[in-house]
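Chain residues, written in single-letter form:
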Amino acid sequence: MTKARLYSGMQPSADSLQIGNYIGALMQWRDLQESYDAFFSVVDLHAITQPNDPSELREKTRRTAAQYIAAGIEPAKSTLYVQSHVSAHAELAWILGTLTGFGEAGRMTQFKDKSQRYGQDATSVGLFTYPVLMAADILLYQTAVVPVGDDQKQHIELTRVLAERFNSRFGDTFRVPMPVIQQDTARIYDLQNPLAKMSKSAESDAGVLWLLDDPSASAKKIMRAVTDSEGSVRYDREAKPGVSNLLVIYAALSGRQIPAIEDEYAGRGYGDFKKGLAEVLVSEFEPVRARALELLDDPAELDRVLGANADHAAEVAETTLSDVYDRMGLLRRR
Ligand code: AMP
Ligand code: TRP
């Protein structure tokens, strides 16, 4: 039986991923790649909807790919590639743009938030059509499922609408994908502000744990994480967001259940608990970090792997794109 296809991606928007990306995305991708024909891209064309220094973008793209591999995405099992290496993405995005209503794109809440934040002069047409490029990413591969955070749900809904619209206007061409929204338990919050999602673009560095940081620096951040004055290690998202967040991280990285961790630290203070978590974190991340740095030490080999995976992606993508051109009546070059 052939496996159903899965597609996801992340922007190369920082030198290092943060552990929210690791727990909320990479750990799940690593498991899902066993049961799906999985495609994972580093979406550099999406990243340039914000200003980027060219040499930094190149480096961030390699770094993001290296962290995918170090976290267990296997380029021999999954197709792991850089979005701009497959020109069909930009081509299909143009086509889908002609089927997207101006108002429809304008209703995307992420666009509304970002354009408000950047101001009118810094808001590009590319930012406006960001979700259309995302739809192209997904639809090119006849994707069945798309694992994403819930902030991307609206973009997947648009993708489904565009697929159905194309299919009904021009004949069955695209598979209509389903979102797989990551559960709440996989959401990681800022260590200093446990009501806000941990994010690569957080204002303060003290609340963010970076995958490629020196593990001792991460251990220090854990020791300084915001807790509460109750002093007991128990999960209660409402009353104890800081401790609850640390418990979620502990459980995710150790593979243990939260109640078992609560039991272990019953009657002990937050200091012990944090020390325990720091140990778990260091032992989980030390090998991931070492592997990522090793891959980055040999950029030529990394580029070769990405290139070979892009060849495979391009083959699949071009089959779909060619059908799209045919169905729309574009005269094909002989
Ligand atoms: P971003 O870095 O926001 O583009 O996110 C890339 C991927 O990481 C998406 O699948 C997000 O859902 C996931 N992610 C980002 N931040 C977190 C977080 N704090 N907790 C859980 N998952 C996250
Ligand atoms: N917009 C997604 C995010 O910010 C990244 C992304 C781009 C993506 N193309 C995709 C995710 C296709 C899933 C499928 O997280």
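Residues numbered from 1 in each chain as written. Chains lettered and ligands numbered in written order. Predicted model: local features only at pLDDT ≥ 70, side-chain atom pairs only at ≥ 80, totals over all residues. Heavy atoms only, no water.

Novice: I keep staring at the packing of helix 4 (residues 88-97) against helix 8 (residues 130-139) and nothing clicks. Help me out?
Specialist: Between two packed helices, both the angle of their axes relative to each other and the distance between the axes serve to describe the pair. Their axes nearest at 8 Å, the elements helix 4 and helix 8 cross at an angle of 120 degrees. By the criterion of interaxial angle, the relationship of helix 4 to helix 8 is oblique. As for the relative orientation of helix 4 and helix 8, their crossing is right-handed in sense. Contacts between helix 4 and helix 8 involve H89, L92, A93, L96 and G97 on the former and, on the latter, V132, L133, A135, A136, D137 and L139. (Axes fitted to C-alpha atoms, helices over the stretch in contact; angles between N-to-C directions. Helix = DSSP H or I, 4+ residues; strand = E, 2+ residues; numbered from the N terminus. Parallel < 35°, antiparallel > 145°, perpendicular 65-115°, else oblique. Left-handed = near helix turned anticlockwise from the far one by under 90°. Contact = heavy atoms within 4.5 Å.)

Novice: Please clarify how the packing of aromatic side chains should be interpreted in this entry.
Specialist: Each aromatic ring pair is summarised here by two numbers: the centre-to-centre distance and the angle between the ring planes. Counted by the stated rule, this structure contains 13 aromatic pairs. Where F39 meets Y141, the ring centres are 4.9 Å apart and the plane angle is 40 degrees; that geometry is what we call tilted. Of this pair, F39 sits in strand 2 (residues 37-42) while Y141 is found in the loop between helix 8 and strand 4 (145-148), placing the two residues 102 residues apart along the sequence. With respect to class, F39 is no different from Y141; both count as buried. Ring geometry for Y81 against Y141: centres 6.1 Å apart, planes inclined by 55 degrees, an arrangement best described as tilted. With Y81 in strand 3 (residues 79-82) and Y141 in the loop between helix 8 and strand 4, the pair connects residues that are 60 residues apart, well separated along the chain. (Phe/Tyr/Trp six-rings, centres within 6.5 Å; stacked < 30°, edge-to-face > 60°. Buried < 20%, exposed > 50% of the residue type's maximum accessible area, 1.4 Å probe, protein only.)

Novice: Sorry if this is basic, but what is going on with the site of ligand 2 here?
Specialist: If you check the shell around ligand 2, you find 13 residues, and the closest are H46, Y130, M134, D137 and Q152. Interatomic distance of 3.0 Å between a side-chain N/O atom of Q152 and a nitrogen atom of ligand 2. Taken together, the elements giving at least two residues each to the shell around ligand 2 come down to strand 1 (5-10), helix 8 and strand 4. The element contributing the most residues to the shell around ligand 2 is helix 8, with four residues. Residues that form the shell around ligand 2 fall into these classes: seven nonpolar, five polar and one charged. (Near = heavy atom within 4 Å. Polar contact = N/O pair within 3.5 Å; in protein donor to acceptor, adjacent residues only side chain to side chain. Nonpolar A, V, L, I, M, F, W, Y, C, P; charged D, E, K, R; others polar.)

Novice: Sorry if this is basic, but what is going on with the pairing of strand 5 (residues 178-181) here?
Specialist: Of the pairings in the sheet, the one linking strand 4 to strand 5 comprises four bridges and is parallel in character. Each bridged residue has a counterpart across the sheet, and for V145 the counterpart in strand 5 is M178. In this view, the connection linking strand 4 to its parallel neighbour strand 5 by way of helix 9 (residues 153-170) has right-handed handedness. (Pairing = 2+ DSSP bridges. Right-handed = clockwise from strand over helix to strand, strands pointing away.)

Novice: So what exactly am I meant to see when it comes to the domain arrangement of the protein here?
Specialist: Reports often express the size of an interface as the amount of accessible area lost when the parts come together. According to the domain assignment, the protein contains domain 1 (5-181 + 299-328) and domain 2 (205-293). The C-alpha centroid of domain 2 is placed 31 Å from the C-alpha centroid of domain 1. Between domain 1 and domain 2, the buried area comes to about 1,200 Å², and carbon and sulfur atoms account for 77% of it. Contact with domain 2 buries surface across domain 1, with I19, Y22 and A70 losing the most and accounting together for 43% of the total. At the junction of domain 1 and domain 2, the tally comes to five residue pairs in polar contact (both at pLDDT 80 or more). The set of elements that each furnish at least two residues to the side of domain 1 that touches domain 2 consists of helix 1 (19-35) and helix 3 (54-70). For the side of domain 1 that touches domain 2, the residue count by class is ten nonpolar, three polar and two charged. (Domains from an automatic or database assignment. Buried area = accessible area lost by both parts, 1.4 Å probe.)

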